[in-house]
Amino acid sequence: MNLRENAMAIFNGEQPDFYGDFMDAMVILPDPYLLRDHAPQDGLEHPDSWGTVYIFQPGAPGPHPHVTDENAVIKDITRWKEDLKVPSVEGLDWTMAKEVEKTVDRNEKFVGIMMGGGLFERSHHLMGMMNAFYAYMDYPDEMKGMLREICEWKKAALRECKKQVNPDVVFFHDDWGSKQNLFLPPDVWREIIKPLHKEIVDTAHELGILFMHHADCICQPIVEDMVEIGIDIWQGVIAQNDIPYIQEVTKHKLAMVGGIDGPKLDVENITEEQIRAEVRATIDRCCAGGRFFPGIPNGVCYREWNNSIVMDELAKYGRQYAKEHPIVKAAS
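Residues numbered from 1 in each chain as written. Predicted model: local features only at pLDDT ≥ 70, side-chain atom pairs only at ≥ 80, totals over all residues. Heavy atoms only, no water.

**Q** Got a minute to help me understand the packing of aromatic side chains in this structure?
**A** Given two aromatic rings, their pairing is described by the distance between the two centres and the angle made by the two planes. On inspection of all chains with the given rule, the structure shows 13 aromatic pairs. Centroid distance Phe 120 to Phe 183: 5.6 Å. Interplanar angle 20°. Geometry classified as stacked. Here Phe 120 is found in helix 5 (residues 119–127), whereas its partner Phe 183 is found in the loop between strand 6 (169–173) and helix 8 (186–206), with 63 residues between them in sequence. For Phe 120, a relative accessible area of 2% gives the class buried. Aromatic side chains Trp 176 and Trp 189 sit 5.1 Å apart centroid to centroid with 70° between the ring planes, which places their arrangement in the edge-to-face category. (Phe/Tyr/Trp six-rings, centres within 6.5 Å; stacked < 30°, edge-to-face > 60°. Helix = DSSP H or I, 4+ residues; strand = E, 2+ residues; numbered from the N terminus. Buried < 20%, exposed > 50% of the residue type's maximum accessible area, 1.4 Å probe, protein only.)

The following block contains the structure:
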């Protein structure tokens, strides 16, 4: 099997040649939405197309919103209609994305687009985390109204992506929690985020696009909801979630990517055998439940040696496990 065929075998609950990270089978295109909001790694403040200020420190793994009382786009949620400026989805230069897309053999790999700043993330990027928390609890109607505008932008952007480069997968980012819990109480998430997020997922499916949701955090309290709204793959599953329990409670309807505790392994004074043992234990624990792609939730260990050991063991043991644990289909 090639990478795409192997990934689809895991996704469909069929026998793969090896268990590995779904991300290896996908090429993310440099689309104009991604490019125009990418802050340079210079440690300075740069506003994105929504007006949120980001800083990308040299040596940091990525940019972060830098929202203050002075630069917040939404300073008063009751005035969101006056202050929110939604960027256009049209009239952008798709040349680079189309050039990369032409190089991808779709028989071998998926073509993906990354869509960052999901509903929850965009809300606190516009107004700051604490102000967003207050607004979700005290001004739910206003938050619903603002998130409706963000939702409509996401759906329109998906349609434009379909027209321009016909992606196979949307890699949608919205971190809904921390390593300890969800950021919002589940009932608040269900009332405000869930119905709008379902519309975005439905739009992707209407366009023939697989929906992969990135959230490298605790999502365990809402995994059945994630299945209900149609999320195809949850990418970024951290080890602090009870993965075998999630597989059971969702009746194996939610494919997952992750499981390897990257921060635990990305430290000094760890032995090669400790790293390899952790990778093997993750595969043993999670791949037994099926439809699981073992990998580091955020992609890599940042220490080069540690990462090389993780990737080597993942490649070796992922193939060994598939060979030693064949999937037997029940007789029809």
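**Q** When you look at the pattern of salt bridges in this model, what are you seeing that I'm missing?
**A** Opposite charge on two side chains makes pairing possible when the charged atoms of those side chains draw close. Taken as a whole, this structure holds 22 salt bridges when the rule is applied. In this structure, Asp 48 and Arg 122 form a salt bridge, with 3.0 Å as the shortest nitrogen-oxygen distance. One end of the pair, Asp 48, is in the loop between strand 2 (45–47) and strand 3 (53–55); the other, Arg 122, is in helix 5, and 74 residues separate them in sequence. A single burial state applies to Asp 48 and to Arg 122, both of which are buried. Across the pair Glu 152 and Lys 155 runs a salt bridge whose closest N-O atoms are separated by 3.1 Å. Within this pair, Glu 152 and its partner Lys 155 are both found in helix 7 (residues 140–165), separated by three residues, close to a single helical turn. Residue Glu 152 is classed as partly exposed on the basis of its relative accessible area, which comes to 32%. One salt-bridge network, in which partners are shared between bridges, spans Glu 272, Glu 273, Arg 276, Arg 280, Asp 312, Glu 313 and Lys 316. (Salt bridge = Lys/Arg side-chain N within 4 Å of Asp/Glu carboxyl O.)

**Q** Please clarify how the sheet that holds strand 1 (residues 26–28) should be interpreted in this entry.
**A** Strand-to-strand pairing in sheets goes through backbone hydrogen bonds, with the strands running parallel or antiparallel. Taken in spatial order, the seven strands make up an open sheet running 1-5-6-7-8-9-10, and their pairing is parallel. The strands lining the two open edges of the sheet, one partner per strand, are strand 1 and strand 10 (292–295). Across the sheet, the axes of successive neighbouring strands diverge by a mean angle of 25°, strand direction being ignored. Alignment of strand 7 (residues 210–214) against strand 8 (residues 233–237), held across three bridges, turns out to be parallel. Looking at strand 8, one finds that Met 212 is bridged to Ile 233. (Pairing = 2+ DSSP bridges. Axes fitted to C-alpha atoms, helices over the stretch in contact; angles between N-to-C directions.)

Remember that the coordinates give geometry; whether it matters functionally is a separate question.
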